[in-house]
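The chain contents come next:
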Amino acid sequence: MIHIENLSFKYKNGRKPALDNISLTIHEGDFLGIIGGSGAGKTTLSYAINGVIPHHFPGDFYGSVKVENTDTFDTTPGSLSLKIGSVLQDIDSQMVSFVVEDEILYGLENFSIPGDEIEERLLSALEAVGILPLRYRTIDSLSGGQKQKVAIAAIIALRPKVLILDEPTSELDPKSSEQIFELLKRLNEKYGITIVVIEQKIMLLSEYVEKLAVMNKGRIIFSGNVRDVLGHSSELEEIGIHCPRVVSLSNSLRDRGADVGGVWINLDEAEAGIRRMIYD
Ligand SMILES: Nc1ncnc2c1ncn2[C@@H]1O[C@H](COP(=O)(O)OP(=O)(O)OP(=O)(O)O)[C@@H](O)[C@H]1O
Ligand SMILES: [Mg+2]
């Protein structure tokens, strides 16, 4: 569904390329996490997917990004946004309304959704995100987690195939962060929306996503099934990504020759793995 091939991009006033020869394929129905340190190029990569690059930021662009076989070069971010919904890193800059329902209506009206579909889309977006009771609340009375859900509902109302979220939990406490990931999982499983989430919290990623891409200095250094990527915990450590301790434990046992039966990503798996090693 999204094919990125040998993509490099240098912002016009940038010293080094922000993206350096990236190739990545995102399939329909994927739940993909993107992780990497500050300045690694994560936001720039999301801009390349939603067409903000090259259309809004000038710079040197090499390679290609195709969304359902259409080259992003030959289309506009506006027409792409019906396929690819983006929740920005700074959601406050994205929100334009005073009341929750207006935030969702704004997008629907902006994209000229027919009037007789609007109420149904508004309700189903609020419902899908689990914020129906917040419909008439003012946005500034909401918690950070609730605001994040409103931003997601406003995008979901446009019924995109892909949802890209840039660090949606960075301002949230652990419980609200978990709720956002539960929501993303539901949108992925129940509604079939392809999810691409940029996230610094490796614990959340390892529990929820199926696939993981790791970025460092404009490059993707690992990508694939989340367990395969977490198998490289010592290399991840070198670039400041601290894997959950059960992950590092199973990798170091594996490196010492133990048959751990695949990377453990939570305590239950660690317990089962250790029992197997002791009793089998
Ligand atoms: N508008 C811009 N003009 C010039 N350089 C930019 C611009 N935006 C980002 N950069 C540079 O591009 C590189 C990648 O930045 P990007 O914002 O994509 O990283 P990131 O992984 O999203 O970081 P963070 O975790 O801090 O959000 C950095 O070196 C950054 O300084
Ligand atoms: Mg960023």
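For the structure, see preceding data.
Each value, and the rule that gives it
Residues numbered from 1 in each chain as written. Chains lettered and ligands numbered in written order. Predicted model: local features only at pLDDT ≥ 70, side-chain atom pairs only at ≥ 80, totals over all residues. Heavy atoms only, no water. Donors = N, O, S within 2.8 Å, 3.2 Å for Na, K, Ca; no water. Helix = DSSP H or I, 4+ residues; strand = E, 2+ residues; numbered from the N terminus. Near = heavy atom within 4 Å. Polar contact = N/O pair within 3.5 Å; in protein donor to acceptor, adjacent residues only side chain to side chain. Areas by Shrake-Rupley, 256 points an atom, 1.4 Å probe, with all protein chains shown as cover. Nonpolar A, V, L, I, M, F, W, Y, C, P; charged D, E, K, R; others polar. Expected span 1.5 Å × (residues − 1). Buried < 20%, exposed > 50% of the residue type's maximum accessible area, 1.4 Å probe, protein only. Arc of directions from axis to C-beta. Contact = heavy atoms within 4.5 Å.

1. Observations regarding the coordination of the magnesium ion (ligand 2)
Taken together, Thr43 (OG1) and Gln89 (OE1) make up the protein donors of the magnesium ion (ligand 2), found 2.0 to 2.5 Å from the metal. Separated by 46 residues along the polypeptide, threonine 43 in helix H1 (residues 42-50) and glutamine 89 in the loop between strand S6 (84-87) and helix H4 (91-94) bring together distant segments of the chain.

2. Brief notes about the site of ligand 1
Lining the immediate environment of ligand 1, one finds 15 residues, of which Ser38, Gly39, Lys42, Thr43 and Thr44 sit closest. In this structure, an oxygen atom belonging to ligand 1 sits 2.8 Å away from a main-chain N or O atom of glycine 39. At a separation of 2.9 Å, an oxygen atom of ligand 1 approaches a polar side-chain atom of glutamine 89. Burial of ligand 1 by the protein chains amounts to 66% of its free accessible area of 640 Å². With 3 residues, the top contributor of residues to the shell around ligand 1 is H1. Among the residues forming the shell around ligand 1, the class breakdown is 4 nonpolar, 9 polar and 2 charged.

3. Observations regarding helix H8 (residues 174-191)
For H8, built from 18 residues, the straight-helix expectation of 26 Å at 1.5 Å per residue is met to within 8% by its first-to-last C-alpha distance of 25 Å. Among the residues of H8, Ser176, Ser177, Ile180, Phe181, Leu183, Leu184, Leu187 and Asn188 are the ones counted as buried. Buried positions in H8, seen along its axis, are confined to an arc of 150° and lie on one side of it. For H8, the exposed residues set more than 90 degrees away from the buried face come down to Pro174, Lys175, Glu189 and Lys190. Taken together, the buried residues of H8 touch strand S3 (31-36), helix H6 (115-129), helix H7 (144-156), strand S7 (162-166), strand S8 (194-198) and helix H9 (202-208).

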